[in-house]
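Each chain, letter by letter, is given below.
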Amino acid sequence: MTDVTLIRGDGIGPEIAEATRRCVDATGASIKWEVVEAGTEVMERLGTPLPEATIESIKKNGVALKAPVTTPVGKGYRSINVHLRQTLDLYVCLRPCKSYKGVRSRYKDIDLVIVRENTEDLYAGIEYQKGKDDTVEIINWINKHSERKIRKDSGISIKPISVKATQRIVGFAFDYARKMGRKKVTSVHKANIMKFSDGLWLEVSREVAKQYSDIEFEDRIVDNMCMQLIQKPELYDVIVLPNLYGDIISDLCAGLVGGLGLAPGANIGDKAAIFEATHGSAPKYKGQNKVNPTALILSGVMMLRHIGKTVEADKLEKATAAVIAEGKSVTYDLKENRDDPTAVGTSEMADAIIGKIKS
């Protein structure tokens, strides 16, 4: 029996969490779920969106399955996802993007893996608000020591890129490629403009690559990488990126395979790993038993592989792929016509996947 923390989230989170839990249990994986809370609803009750008990549960179990939680835009509390990554030092964001038969997409046979650095870059959360004393102090110092001036009415975000963080994320990308039998790692940057942050990223990437002569290495400028992925995604394999670029390009790659509803993800550190869907909490669909649970179910597949339950993981992925390919018991977004009255709900799609597992 393996102890796993289950974060039910908010919005559509509890519905897809329950669907995923039932599918994982159907594989016979022998998971003991420890259910905890995070998000807007617990914020209303406890005054925090991320109770300490939730963090302690993840630390104790070392692995968690997390349904989406809501992050306010432009105000309110900071992202729970970012806080968990920083608190638990989950420095790897791993997002496979894979084509499944039966999914509407302009592309076929996509099989990409995004490896995103999770702790630094502009998402480090080092920010200074417009008009505050410390912001003014920073602006005055920069204006004194730099030929390029910052306007007095600016907000400031700091972009740190370190040797240590770059070494470990690029090393992870190469180790993953080697373990999974993949052939190439591409490092993405904007070193032509940001020479001391992205330039350092590129320099360290090249140094790390020298230790992996069995894996092909190349680098791409981020804007060119976006075009390349649209024009010829078949040329790419494992892609390693700093935090912000990784966030953007992982969504782009999800678009290649049919959208965020089919995009699983994991945040991994040396002592803990959290598996979660790439999409958000979609609160407008809360309680409607309508949304596609595939992304979180595929995150469950990743979780099972992470804890060594590969047979059970293969069962679950195969069953999920079969239900999607069949196209009968799927949610509205997986139908040829989104208004198809034969579309099923979240729970019913999970039932169909469980049926395939047991057949």
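Look up a bit, the structure's there.
Because the structure is predicted, anything quoted here is derived from the model rather than measured. (Residues numbered from 1 in each chain as written. Predicted model: local features only at pLDDT ≥ 70, side-chain atom pairs only at ≥ 80, totals over all residues. Heavy atoms only, no water.)

A. Representation of the sheet that holds strand β8 (residues 184-189). One open sheet holds the ten strands; their spatial order is β2-β1-β3-β12-β11-β4-β5-β10-β8-β9, and the pairing between them is mixed. The two strands at the open ends of the sheet, each matched to only one other strand, are β2 (31-36) and β9 (216-221). The sheet shows a mean angle of 25 degrees between the axes of neighbouring strands, taken without regard to direction. Where strand β3 (residues 63-66) lies against strand β12 (residues 273-277), four bridges are found, and the strand directions are parallel. Directly across from Val63, in β12, lies its bridge partner Ala273. Set on the sheet, helix α4 (residues 80-87) makes contact with β3, β4 (92-98), β5 (111-117), β11 (264-268) and β12; between it and β12 the angle comes to about 160 degrees. (Pairing = 2+ DSSP bridges. Helix = DSSP H or I, 4+ residues; strand = E, 2+ residues; numbered from the N terminus. Axes fitted to C-alpha atoms, helices over the stretch in contact; angles between N-to-C directions. Contact = heavy atoms within 4.5 Å.)

B. Region of the structure containing helix α1 (residues 13-26). Taking 1.5 Å per residue as the helical rise, α1 with its 14 residues ought to reach 20 Å, and the 20 Å between its terminal C-alpha atoms agrees with that figure. Of all 14 residues making up α1, ten are buried, and the element is well covered by its neighbours. Considering only its buried residues, α1 is in contact with β1 (2-7), β2, β3, α10 (294-306), α11 (310-326) and α12 (346-358). Backbone geometry just downstream of α1 places Gly28 in the positive-phi region, at approximately 80 degrees. (Expected span 1.5 Å × (residues − 1). Buried < 20%, exposed > 50% of the residue type's maximum accessible area, 1.4 Å probe, protein only.)

C. Summary view of the packing of aromatic side chains. In the structure shown here, the tally under the stated rule is three aromatic pairs. Seen from their ring centres, Phe174 and Tyr212 are 4.8 Å apart, and the 20 degrees between their planes marks the pair as stacked. Taken as a pair, Phe174 in helix α6 (residues 163-179) and Tyr212 in the loop between α7 (198-209) and β9 lie far apart in primary sequence, 38 residues in all. Ring centres 6.1 Å apart and planes at 35 degrees place the aromatic pair Phe174 and Phe217 in the tilted group. In this pair, Phe174 sits in helix α6 while Phe217 sits in strand β9, placing the two residues 43 residues apart along the sequence. (Phe/Tyr/Trp six-rings, centres within 6.5 Å; stacked < 30°, edge-to-face > 60°.)

D. Highlighting the nonpolar core. In terms of nonpolar packing, the biggest core is built from 67 residues, with Leu94, Val115, Met303, Leu316 and Ile353 touching the most fellow members. If one sorts the elements of this core by residue count, α10 sits on top with eight residues. Setting aside chain neighbours within four positions, we find Met303 in contact with Val4, Val24, Trp33, Val63, Leu65 and Phe275. Counting residues in each nonpolar core, the second largest holds 16 residues, with Met225, Leu241, Leu256 and Val257 among its members. (Core = buried A, V, L, I, M, F, W, Y, C linked by side-chain atoms within 4.5 Å.)

E. Quick look at the environment of Leu235. Relative to the helices and strands, Leu235 is located in the loop between α8 (222-231) and β10 (238-241). Once the C-alpha coordinates of Leu235 and Thr294 are considered, the two residues, 59 residues apart in sequence, prove to be 26 Å apart.

F. View of unusual backbone geometry. Non-glycine residue Asp109 carries a positive phi angle of around 60 degrees. Topologically, Asp109 is positioned in the loop between β4 and β5. By relative accessible area, which is 74% here, Asp109 ends up exposed. In this model, Asn289 sits at a positive phi of 50 degrees, which is unusual for a non-glycine residue. Tracing the sequence through the fold places Asn289 in the loop between β12 and α10. For Asn289, a relative accessible area of 30% gives the class partly exposed.

G. Highlighting the side chain of Asn81. Among the secondary structure elements, Asn81 is positioned in helix α4. Setting aside residues up to four positions removed in sequence, Asn81 forms contacts with Lys66, Val69 and Glu276.

H. Region of interest: the pattern of salt bridges. Across all of its chains, the model carries 25 salt bridges by this definition. Taken together, the shared-partner salt bridges in this structure form one network comprising Lys98, Arg305, Asp314 and Glu317. (Salt bridge = Lys/Arg side-chain N within 4 Å of Asp/Glu carboxyl O.)

I. Here's a closer look at a positive patch on the surface. A surface patch of like charges, here positive, comprises Arg104, Lys284, Lys290 and Arg338. Looking at where Lys290 falls in the secondary structure, it is placed in the loop between β12 and α10. For Lys290, a relative accessible area of 32% puts it in the partly exposed group. (Patch = residues over 30% accessible without salt bridge, like charges linked within 9 Å, V, L, I, M, F, W, Y side chains within 5 Å. Areas by Shrake-Rupley, 256 points an atom, 1.4 Å probe, with all protein chains shown as cover. Lys, Arg positive; Asp, Glu negative; His and termini not counted. Charge placed at Lys NZ, Arg CZ, Asp CG, Glu CD.)

J. Spotlight on α4. Of the residues making up α4, those classed as buried are Ile80, Asn81, Val82, Leu84 and Arg85. The inward-facing, buried residues of α4 abut α3 (52-61), β3, β4, β5, β11 and β12. Directly after α4, the chain includes Asp89, whose backbone phi takes a positive value near 50 degrees.

K. Fine view of the packing of α1 against α12. Two elements in contact, α1 and α12, have axes separated by 9 Å at closest approach and are oriented at 10 degrees. Compared by their axis directions, α1 and α12 come out roughly parallel. Contact residues: Glu15, Ile16, Ala19, Arg22, Cys23 and Ala26 in α1; Thr346, Ser347, Ala350, Asp351, Ile353, Ile354, Ile357 and Lys358 in α12. A class-by-class count of the residues in the contact of α1 with α12 yields eight nonpolar, two polar and four charged. (Parallel < 35°, antiparallel > 145°, perpendicular 65-115°, else oblique. Nonpolar A, V, L, I, M, F, W, Y, C, P; charged D, E, K, R; others polar.)

L. Here's a closer look at the state of the cysteines. Counted according to the given criterion, the structure contains zero disulfides. This cysteine, Cys226, is not joined by any disulfide, and Cys253 carries the nearest cysteine sulfur, 8.7 Å off. (Disulfide = S-S within 2.5 Å.)

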